[in-house]
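Chain residues, written in single-letter form:
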Amino acid sequence: SCSGGGGGGEEGESGEGSPSTSPSPPPPSATPSASPSPPTVAVSHSILHMGGGHAPAEWSTDAPGLYGWSYYIRAFNLLREQPTSELGWGQWTKPGGHSESIIEVCGLHPGGFVCDPCEACRSEGSCSDPVTGELAPVSSGCQDPTLEDPTLANCGNPTDYSKTEQCAFWECGTDTKGGVRGSIEGGMGYWMYTLETPNVKWMLPGATNANYEIFAGTFLGDRPQLCSVLGGAVRVSNRLLVPNDFVTFAGGDPDGFLGYMLTKTPLGKRSANDTANYWTIVIDAANFAGPVMYTAAWFWDSRINWHPKSISWSDPRVNIGYIAQGFEGSIGAFTAQQGGSQYWRTTRWAVPRDRFGPSSSPNTSTLFTGHSQFNTDWAADALEPILSGAGLASERSHAVVQQRSATAGAKPECKTPPTGEGGMSVWHDGGTSEVLWKGFGIGSAFDQAQSEAAHCASALSLNPSHEALSCDEQRCEAAAFLQGGLSDSDPPVVIPAEAVPSEVKTGFDAATFEPTKRNDGSYLGPPAATEEACFDLPASPTMYCTVTTSKAWIGWRWYKFVDQPELYMVFESLPDDGTRQAAREYMQARIERLHRQQEADGTGRWFAPPQGDDALPADKVSIDPALLLTPPAGFEYGYVPVAVYQRPRVKPAECDVEVNVADPRPEPHPESYWEDCTSSSGIPNPNCNRPAGSYEVETCSANNESRAAFNYPGRIHGYWPGGSQDDRVPYDVPTRDSLPTRAA
């Protein structure tokens, strides 16, 4: 702003869950020859940008902003062979709706401006400490940015917020003072930094903060996570295992809609007087419905609230002020030149057909539908009877929650796609101008009346008789060969396989798209030494394990809700004067009531398509059954599963109990797999470069203003759960080497 098995010795097989096992017809332009001869032209790997559909809803985000939204997004394997480039369709949500008058101090932490490595000294190996004048190694970060950059004046002493108030660097010096930062992103797609897979995933979690300085996730795929920034993915459900590598679907090759809701709720309240925002993700799938996780106030505060008057997205005066939906990214391609033309062979791709029936056409493919926006704090009124256990018994049910969401949900204004847009296209940015291909037989199926009836929809039109499209009852696959882009005399056209010169076709047939090798799961558990402090209180040492449809093994342990790693800093940041314990007891009791009510109601469903389930253009999608759990005896209420291990094809050695594991089990990759970047075609794998993940700097050198070293983020004034924000109690965030030990 996602991926699992397939690869290694089995790459090219029709393995379980691979899109190649589907009954899709042979693509009109990607049929390999039986025994390709050695290529006589140079073939290289490239990427082509892809876009499709249109943003169907015009959300009303004027003051005071929105309290939430919901819509139904289609989960399907757009790519019919190995993905090699990032591509997704979903949403980006940001804070807003507030009055600018509430922003009194910079919305960014000034400490982040003065704690960067010293580029000037790096080549010399040492530089002078700005206070003592003594030589110090570059690794200590001894530069003085306040002297190197005059615009950083007054930003260099973040330990004294009264002096740092005058920092006017970058956006701190604008009228908005940088505003309120953060985002919650998510959707369907393929992400090369996740575990390898040919199949689509749903991005969860997707919260980011402070210009992507920190990311939600108990573990991260490309680097170790910090206990001190956890809180962006607080587990709520006791029946859904949230992987650390995003969510997979049943069968591996899905086609269906996932109901996706983001809304403010009271699930994270730390006391009866706590008014902070707790942005909660709720889903509606064929085999699971209910809240999944929320973002704690600490996640937003931990990098923003450097001052007692700081405003982060935890502040209830800040709601949702920006929502963007889209379909964007790139697909892999092989390319070669001959005879004054550029030729391309793309990754095979296809779109699903809407269900047959009187209410929809099989010659359409709907990507988004069923949008609702929430202009009121509906969830507080709907959920509080369940969470508190107070009030009328008739109010304490999920039927009431669903009825309240239906009543509160308003239809956004439905947008019309720009003229000539809304279909599927690919383009290349090379050279001096953009080269665009549209001739795939896939256009826009927008109809204003139908879109209004569906609460705004983004649908593609399909032309099965088009020469570049091959359709069966389930999907339509586009031609994979393109020509054009070498010069103005080489216009972009979609071509059949027989129009590709034989030498180029031979080279394309010999080329293979290789699985990503950026992530072997080494950062996805077990916890590193610097992460262990926040994993220290499982309810039981027993490790349970399962295998997903993407051939990844996941190991998890059950935690008492308030002891889960994501709440570690939520409680540590509260004073240990009774406030912390009171918050723990308050939150634990409320989540236990929620779990009991879900069991009593036989569902946790909060919302439904506004047009009705039967009017969806396809059935709802099913979550990977490996992720659906039944709590063990003694852990039925108030406990949540937390994944502490995830690896492609490798079972955790500590696994005590297997759950939902069926034969055959995935075979581990050969030992040399992750280091082997070769391919049968000799074309380098563009995704064979595992990052050496590392931590950001936490201890910053002295500068001319601070006169002493300081920790970053240092002292944080988190949103206070007791009511008045004049009573905020500051907290000195520990470094990863000085994390406090929790009492059992």
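Residues numbered from 1 in each chain as written. Predicted model: local features only at pLDDT ≥ 70, side-chain atom pairs only at ≥ 80, totals over all residues. Heavy atoms only, no water.

For the protein chain, the helix and strand inventory stands at 10 helices and 36 strands. A total of 744 residues make up the protein chain; the buried ones form 59% of that total. (Helix = DSSP H or I, 4+ residues; strand = E, 2+ residues; numbered from the N terminus. Buried < 20%, exposed > 50% of the residue type's maximum accessible area, 1.4 Å probe, protein only.)

What follows covers the state of the cysteines. For the structure on display, the rule yields 8 disulfides. What pairs with Cys 471 in a disulfide is Cys 476, and their sulfur atoms sit 2.1 Å apart. Since a negative S-S torsion denotes a left-handed disulfide, the Cys 471-Cys 476 link at about 110° is right-handed. We classify Cys 476 as buried; its relative accessible area is 0%. (Disulfide = S-S within 2.5 Å.)

Time to look at the sheet that holds strand β17 (residues 350-352). If you walk across this open sheet you meet the 3 strands as β17-β26-β25, and the pairing is antiparallel. Edge strands, defined here as strands with exactly one partner in the open sheet, are β17 and β25 (469-471). In this sheet, neighbouring strand axes are inclined to one another by 20° on average, regardless of whether the strands run parallel or antiparallel. Here β25 pairs with strand β26 (residues 475-478) via 3 bridges, running antiparallel. Residue pairing in the sheet places Cys 471 in a bridge with Cys 476 of β26. (Pairing = 2+ DSSP bridges. Axes fitted to C-alpha atoms, helices over the stretch in contact; angles between N-to-C directions.)

Attention now goes to the side chain of Arg 353. Examined against the element boundaries, Arg 353 turns out to sit in the loop between β17 and β18 (364-374). Of the side chains bearing the opposite charge, Asp 472 lies closest to the buried Arg 353, which forms no salt bridge; the N-O distance is 5.9 Å. Polar contacts involving the side chain of Arg 353 include one to the main-chain carbonyl oxygen of Asp 472, which spans 2.7 Å. (Lys, Arg positive; Asp, Glu negative; His and termini not counted. Salt bridge = Lys/Arg side-chain N within 4 Å of Asp/Glu carboxyl O. Polar contact = N/O pair within 3.5 Å; in protein donor to acceptor, adjacent residues only side chain to side chain.)

So, about the pairing of β26. Residues Arg 475 and Glu 477 line one face of β26 and the alternating positions Cys 476 and Ala 478 line the opposite face, and both faces are buried. Bridge count between β17 and β26: 3 bridges; the pairing is antiparallel. In the strand pairing of β26, Ala 350 is matched with Glu 477. Taking the residues between adjacent antiparallel strands as the criterion, β25 and β26 are bridged by 3 residues.

Tallied over the entire structure, the rule returns 27 aromatic pairs. Relative to Trp 313, the ring of Trp 279 lies with its centre 5.5 Å away and its plane at 45°, an arrangement referred to as tilted. Of this pair, Trp 279 sits in strand β13 (residues 279-284) while Trp 313 sits in the loop between α4 (297-301) and β15 (319-338), and the two are 34 residues apart along the sequence. Side by side, Trp 279 and Trp 313 carry an identical accessibility label, which is buried. The interplanar angle of 75° and the centroid separation of 6.0 Å between the aromatic rings of Trp 298 and Tyr 731 together place this pair among those described as edge-to-face. Residue Trp 298 is found in helix α4, and its partner Tyr 731 is found in strand β36 (residues 731-732); the two are separated by 433 residues along the sequence. (Phe/Tyr/Trp six-rings, centres within 6.5 Å; stacked < 30°, edge-to-face > 60°.)

We now examine the packing of helix α5 (residues 378-388) against helix α10 (residues 579-601). Contact geometry of α5 with α10 gives a least axis separation of 7 Å together with a crossing angle of 100°. Accordingly, the angle class assigned to the pair α5 and α10 is roughly perpendicular. Mapping the contact onto sequence places Glu 384, Ile 386, Leu 387 and Ser 388 in α5 and Tyr 586, Arg 590, Arg 593, Leu 594 and Gln 597 in α10. Broken down by class, the residue content of the contact of α5 with α10 amounts to 4 nonpolar, 2 polar and 3 charged. (Parallel < 35°, antiparallel > 145°, perpendicular 65-115°, else oblique. Contact = heavy atoms within 4.5 Å. Nonpolar A, V, L, I, M, F, W, Y, C, P; charged D, E, K, R; others polar.)

Within helix α8 (residues 502-510), burial applies to Val 504, Lys 505, Thr 506, Gly 507, Phe 508 and Asp 509. On the buried face of α8, the contacting elements are β15, β16 (341-346) and β27 (481-483).

Moving on, we come to the pattern of salt bridges. Side chains that differ in charge, positive against negative, can pair when their charged atoms come close. One pass over the structure, following the stated rule, counts 32 salt bridges. Put simply, Arg 80 and Asp 253 hold a salt bridge, and the shortest N to O gap is 3.0 Å. Note that Arg 80 is positioned in the loop between β3 (68-76) and β4 (87-96) and Asp 253 in the loop between β11 (234-235) and β12 (255-264), a separation of 173 residues in sequence. Of the two residues, Arg 80 and Asp 253, both sit in the buried class. Through salt bridges with shared partners, a single ionic network connects Asp 284, Arg 605, Asp 613 and Lys 620.

Next up on the list: the sheet that holds strand β31 (residues 639-648). With mixed pairing, 4 strands are arranged side by side in an open sheet as β31-β30-β29-β32. Edge positions in the open sheet fall to β31 and β32 (657-658), since each of these has one partner strand only. Sheet topology places strand β30 (residues 552-560) next to β31; 9 bridges connect them, and they run antiparallel. Among the inter-strand pairings, Ile 554 is bridged to a residue of β31, identified as Gln 646.

Here we come to the environment of Gly 173. Inspection of the secondary structure assignment puts Gly 173 in the loop between α3 (161-164) and β7 (183-190). With a relative accessible area of 46%, Gly 173 lands in the partly exposed category. Between the C-alpha atoms of Gly 173 and Cys 106, which are 67 residues apart in sequence, the distance is 8.1 Å.

A rise of 1.5 Å per residue sets the reference length of α10, with its 23 residues, at 33 Å; its end C-alpha atoms lie 33 Å apart and thus fit the reference within 8%. Residues of α10 that are buried sit in contact with β14 (289-295), α5, α6 (398-408), β30, α9 (568-572) and β31. The first or second residue beyond α10 is Gly 602, which carries a positive phi of 75°. (Expected span 1.5 Å × (residues − 1).)

With that settled, consider unusual backbone geometry. Looking along the chain, the bond that leaves Gly 525 and enters Pro 526 is cis, with omega of 0°. Within the secondary structure layout, Pro 526 lies in the loop between α8 and β29 (544-547). Of note, the amide linkage connecting Asp 663 to Pro 664 takes the cis form, showing an omega dihedral of 0°. Despite not being glycine, Ala 210 shows a phi value in the positive range, around 55°. Position of Ala 210 among the secondary structure elements: in the loop between β9 (207-209) and β10 (214-215). A relative accessible area of 8% means that Ala 210 is categorised as buried.

Contact geometry for α5 and α6: axes closest at 9 Å, N-to-C directions at 175°. Between α5 and α6, the interaxial angle falls into the category roughly antiparallel. From α5, Trp 378, Asp 381, Ala 382, Leu 383 and Ile 386 reach across to α6, where they touch His 398, Val 401, Arg 404, Ser 405 and Ala 408. Grouping the constituent residues of the contact of α5 with α6 by class yields 6 nonpolar, 2 polar and 2 charged.

In this section: the nonpolar core. Counting 89 residues, the largest nonpolar core has Leu 78, Trp 89, Trp 202 and Trp 349 as its most contacted members. Those residues in contact with Trp 349 that lie beyond four places of it in its chain are Met 50, Leu 78, Leu 79, Arg 80, Ile 331, Met 424, Phe 440, Ile 442, Glu 477, Ala 478 and Ala 479. (Core = buried A, V, L, I, M, F, W, Y, C linked by side-chain atoms within 4.5 Å.)

One can find Met 261 in strand β12. Classification of Met 261 as buried rests on a relative accessible area of 0%. Considering only alpha carbons, one finds Met 261 and Trp 606, 345 residues apart in sequence, at a separation of 9.2 Å.

For the protein chain, per-residue confidence averages 89 on the pLDDT scale, and residues scoring 70 or more make up 90% of the total. A low-confidence stretch, residues 1-36 (pLDDT under 50), is modelled with 116 contacts involving residues beyond four sequence positions or located in other chains. The low-confidence segment residues 117-126 (pLDDT under 50) makes 15 contacts with residues lying over four places distant or belonging to another chain. (pLDDT = per-residue confidence, 0-100.)

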